[in-house]
Amino acid sequence: MMKNKYPIFIPSKSRHESRYTMKTFDEFGYDYKAVIEPQEYDNYARVMDEEKLLVLPFSNKGLTKTRNWIWDYAENLGVEKFWTFDDNINGIYRLNNNLSVRSSTGVIIPIIENFVNRFENVGVAGMNYFMFVPRKAKIPPYTVNTRVYSNMLLNTKEKNPDGTPFRNNLYYNDDTDLNIRMLKKGSCTIQFNAFQVYKLTTMTVKGGITSSYDDMDDNRKAISQMLVDAHPDVARLTEKFGRWHHEVNYGIYKKNELIRKK
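As the structure is a prediction and not an experimental result, all values here were calculated from the model.

(A) Highlighting the overall build of the protein chain. Along the protein chain, the regular secondary structure elements total six helices and 12 strands. Its C-alpha atoms give the protein chain a radius of gyration of 18 Å, within 12% of the compact-globule value 18 Å for 262 residues. Across its three principal directions, the C-alpha atoms of the protein chain cover 50 × 45 × 45 Å. Across the 262 residues in the protein chain, those meeting the buried criterion constitute 52%. Counting contacts in the protein chain only where the partners sit at least 6 residues apart, residues at least 24 apart contribute 73% of the total. For the protein chain, the exposed surface amounts to about 12800 Å²; the carbon and sulfur share of it is 50%.

Structure, rendered in structure tokens:
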């Protein structure tokens, strides 16, 4: 029960010193691959087991292209599902009886895999963010048909309505766009609240694949508008806390029901 069934990929760039997700998974004993750009190999190889490194055939193409390369790689492995994790996750937690407790074993990922495998139509599954699960709030152990970010168990068998395989599309908010397209197709997403990832804020950790994060504050409206333009039927532009954001109405996907396997 302590080992992951499906391969785990961690796209990483210029974070060979911090390695938050990798250190967590080393503690758990998970099998994983850190997906890195070729010019970064020596930096990562000095601090990691080389067998845990997977080198991209390109550099500086952004996170969306990297995620799609991983998707192609996983599909070529012949696996039904695979994980992608951001490289700035500092622990996995379990919420129970109003206590969020940091996991010291790797049992949570296999639990999620086993649960998701009860159903035929889960396109994306993953854990909620630690900071988004209030400790004293009454909240279900999981939520169906909402967004899943930063830790995604993806189904390689999912197809678009035209029969083509799913891939990430947008340069920014590609994970949100992917969730919406899965839901529009009629598949389900599962976001676990009983299990949570402690994701560090992107701008607080040195490095990162998307170098243009430096300009994100200046372009935040245009970045959010990109998603709104892709899905004007469910997404809208809104201003909160003095910043532009996108807001997605996931409520219309309540009709998507989980289908139990026989």
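After presenting the structure, the write-up continues.
(B) The arrangement of the side chain of Glu37 in detail. Its place among the elements puts Glu37 in the loop between β2 (32–36) and α2 (41–45). Note on Glu37: relative accessible area 1%, which makes it buried. At a separation of 3.1 Å, a polar atom in the side chain of Glu37 contacts the main-chain amide nitrogen of Asn60. The residues touching Glu37, leaving out its near neighbours within four places in the chain, are Lys13, Val55, Leu56, Phe58, Ser59, Asn60 and Lys61.

(C) Looking closely at a negative patch on the surface. Residues Asp42, Asp49, Glu50 and Glu51 make up a contiguous surface patch of negative charge. Among the structural elements, Asp42 can be located in helix α2. Exposure remark for Asp42: the relative accessible area of 53% places this residue in the exposed category.

(D) Here's a closer look at the pairing of strand β4 (residues 81–85). Counting buried residues in β4 gives five out of five residues, a clear majority hidden from the surface. Side chains Lys81, Trp83 and Phe85 project from β4 onto one buried face, and the interleaved Phe82 and Thr84 project onto a second face that is buried too. Taken together, the two bridges between strand β1 (residues 8–11) and β4 define a ladder with parallel strand orientation. Within β4, the residue paired with Phe9 across the bridge is Thr84. As defined by bridge partners, β4 adjoins strand β9 (residues 151–155) across five bridges and the pair is classed as antiparallel. What sits directly across from Phe82, in β9, is Leu154.

(E) Expanded view of helix α1 (residues 20–28). Of all the positions in α1, only Thr21, Met22, Thr24, Phe25 and Phe28 are classed as buried. Taken end-on, α1 shows its buried residues confined to a sector of 160°, consistent with a single buried face. Looking at the buried positions of α1, the neighbouring elements they touch are β1, β2, α2, β4, β5 (89–96) and β6 (99–102). Immediately beyond the C-terminal end of α1, within one or two residues, lies Gly29, with a positive phi of roughly 80°.

(F) Expanded view of the packing of helix α3 (residues 63–77) against helix α5 (residues 174–185). It is at 11 Å that the axes of α3 and α5 come closest, and there the two elements cross at 50°. Here α3 lies oblique to α5, going by the angle between them. Residues Thr64, Arg67 and Trp71 of α3 form the contact with α5, whose own contacting residues are Asp174, Asp175, Leu178 and Met182.

(G) Layout of unusual backbone geometry. Here Asn60, not a glycine, exhibits a phi torsion of approximately 55°, which is positive. Looking at where Asn60 falls in the secondary structure, it is placed in the loop between β3 (53–55) and α3. Here Asn60 falls in the exposed class, since its relative accessible area comes to 53%. In this structure, Asn97 takes a positive phi of about 55° despite not being glycine. By relative accessible area, which is 69% here, Asn97 ends up exposed.

Parameters at a glance
Residues numbered from 1 in each chain as written. Predicted model: local features only at pLDDT ≥ 70, side-chain atom pairs only at ≥ 80, totals over all residues. Heavy atoms only, no water. Helix = DSSP H or I, 4+ residues; strand = E, 2+ residues; numbered from the N terminus. Rg over C-alpha atoms; globule rule 2.2 N^0.38 Å. Buried < 20%, exposed > 50% of the residue type's maximum accessible area, 1.4 Å probe, protein only. Contact = heavy atoms within 4.5 Å. Areas by Shrake-Rupley, 256 points an atom, 1.4 Å probe, with all protein chains shown as cover. Polar contact = N/O pair within 3.5 Å; in protein donor to acceptor, adjacent residues only side chain to side chain. Patch = residues over 30% accessible without salt bridge, like charges linked within 9 Å, V, L, I, M, F, W, Y side chains within 5 Å. Salt bridge = Lys/Arg side-chain N within 4 Å of Asp/Glu carboxyl O. Lys, Arg positive; Asp, Glu negative; His and termini not counted. Charge placed at Lys NZ, Arg CZ, Asp CG, Glu CD. Pairing = 2+ DSSP bridges. Arc of directions from axis to C-beta. Axes fitted to C-alpha atoms, helices over the stretch in contact; angles between N-to-C directions. Parallel < 35°, antiparallel > 145°, perpendicular 65-115°, else oblique.

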